[in-house]
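Reading the structure
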Amino acid sequence: MIKTPVGERFSEFFDKWVSQLDDYLQQLHRVSKESLSEAEKQALLSKLTAHYKEFYTVKWTAAHEDVLAFYSPVWLSKLENAYSWFTGWKPSIIFRLVESMRKIRVPGPGLAELKEEQLKEIEQLRMKIKLEEEKVEREMERQQVAMADQKIVELVRMARRIKNGELVGQVDGLVEVALKGILGGLERVMKAADCVRLKTLKGVLDVLNPSQSVDFLAGICMLQIQLRQWGQRRDSRKDSILELQNNVLF
């Protein structure tokens, strides 16, 4: 896949961002095993949440320049792309992750010790987030269906029939205006989905104490990093096989 200028820049940023995320994960593991004060744990949590906020700040700035780069991201493996929900992870996965971590006590026992009141709050949040997800999905459906609007169909007809150079230029201008509206809609969907992701993270963290938050964020980091490593390993094997086949054929 050819990288656009935005794709090039964001790929470089994302590699560094994930590398820093891995560093934070190691720190979370150490904190989980050591007897640190709540304030020390909170300090690390603040650094990690700021790291996630930086990701979305850079993403939104880049997407304003080229939003399509985020709907077909060259910086992700095919496996990561397969699990993408409107340019990122689906918020509902967080609640399944919390439940899994409670049962197997990984990466630590923090989430296994959730109180009944905390579980009720997380369940209430899950229901709210589900509604938010459905709202984003309806908006994306609206954007997709809009591709068949009368104005777009008329532009398609004109573009196919007009051969005069001057008129072609006029049609191209109309197409650019139409595409600008379409891309603006895709950008709004992306930001709406990102806001649900951020709302989910904040909502869960607000329910947890610092020790539980350490285990929670460690679990998220582990899943994200491991999925990326699996995907990259698989892509690398596929590329090696393809290269070998080409060498045999030619």
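What you see is a predicted model; the values in this text were computed from it and never measured.

The rules behind each value
- Residues numbered from 1 in each chain as written.
- Predicted model: local features only at pLDDT ≥ 70, side-chain atom pairs only at ≥ 80, totals over all residues.
- Heavy atoms only, no water.
- Axes fitted to C-alpha atoms, helices over the stretch in contact; angles between N-to-C directions.
- Helix = DSSP H or I, 4+ residues; strand = E, 2+ residues; numbered from the N terminus.
- Parallel < 35°, antiparallel > 145°, perpendicular 65-115°, else oblique.
- Contact = heavy atoms within 4.5 Å.
- Nonpolar A, V, L, I, M, F, W, Y, C, P; charged D, E, K, R; others polar.
- Salt bridge = Lys/Arg side-chain N within 4 Å of Asp/Glu carboxyl O.
- Buried < 20%, exposed > 50% of the residue type's maximum accessible area, 1.4 Å probe, protein only.
- Core = buried A, V, L, I, M, F, W, Y, C linked by side-chain atoms within 4.5 Å.

1. Notes on the packing of helix α1 (residues 5-33) against helix α2 (residues 38-65)
- Between α1 and α2, the shortest axis-to-axis distance is 11 Å and the interhelical angle comes to 170°. When the axis of α1 is compared with that of α2, the two are roughly antiparallel. Between α1, through V6, R9, F10, F13, F14, W17, Q20, L21, Y24, Q27, L28 and V31, and α2, the contact on the second element is made entirely by K41, L44, K47, L48, H51, Y52, E54, F55, V58, K59, A62 and E65.
- For the contact of α1 with α2, a count of residues per class yields 15 nonpolar, three polar and six charged.

2. Some details on the pattern of salt bridges
- Inspection of the entire model under this criterion finds 15 salt bridges.
- Close ionic contact of K41 with E38 constitutes a salt bridge, the shortest N to O distance being 3.9 Å. Here K41 pairs with E38, and both are found in helix α2, just three residues apart, close to one helical turn.
- Given a relative accessible area of 11%, K41 falls into the buried group.
- Residues D194 and R197 are paired through a salt bridge, measuring 2.7 Å at the closest nitrogen-oxygen approach. Residue D194 and its partner R197 are both found in helix α8 (residues 165-207); the two are separated by three residues, about one turn of the helix.

3. Quick word on the side chain of Q143
- Topologically, Q143 is positioned in helix α6 (residues 116-145).
- Not counting residues up to four positions away in its chain, the partners in contact with Q143 are I182, G185, L186, R188 and V189.

4. Digging into the packing of helix α5 (residues 93-104) against α6
- It is the contact of α5 with α6, at a shortest axis distance of 11 Å, that shows an interaxial angle of 155°. Relative to α6, α5 is oriented roughly antiparallel. Seen from α5, the contacting residues are F95, V98 and R102; seen from α6, they are L119, I122, L125, R126 and I129.
- For the contact of α5 with α6, a count of residues per class yields six nonpolar, no polar and two charged.

5. A look at unusual backbone geometry
- Residues other than glycine seldom take positive phi values, yet F86 does so here, at roughly 50°.
- Within the secondary structure, F86 is located in the loop between α4 (78-82) and α5.
- The backbone of T87 sits at a positive phi, close to 75°, despite the residue not being glycine.
- Since its relative accessible area comes to 14%, T87 is described here as buried.

6. Digging into the nonpolar core
- Of all hydrophobic cores here, the largest spans 54 residues; its most connected members are F70 and F216.
- Residue assignment for this core shows that the elements contributing at least two residues are α1, α2, α3 (68-71), α5, α6, α8 and α9 (210-249).
- The element that contributes the greatest number of residues to this core is α1, accounting for eleven residues.
- Those residues within four positions of F216 in sequence are excluded, and the remaining contacts are I94, V98, M101, L111, L201, V204, L205 and L208.

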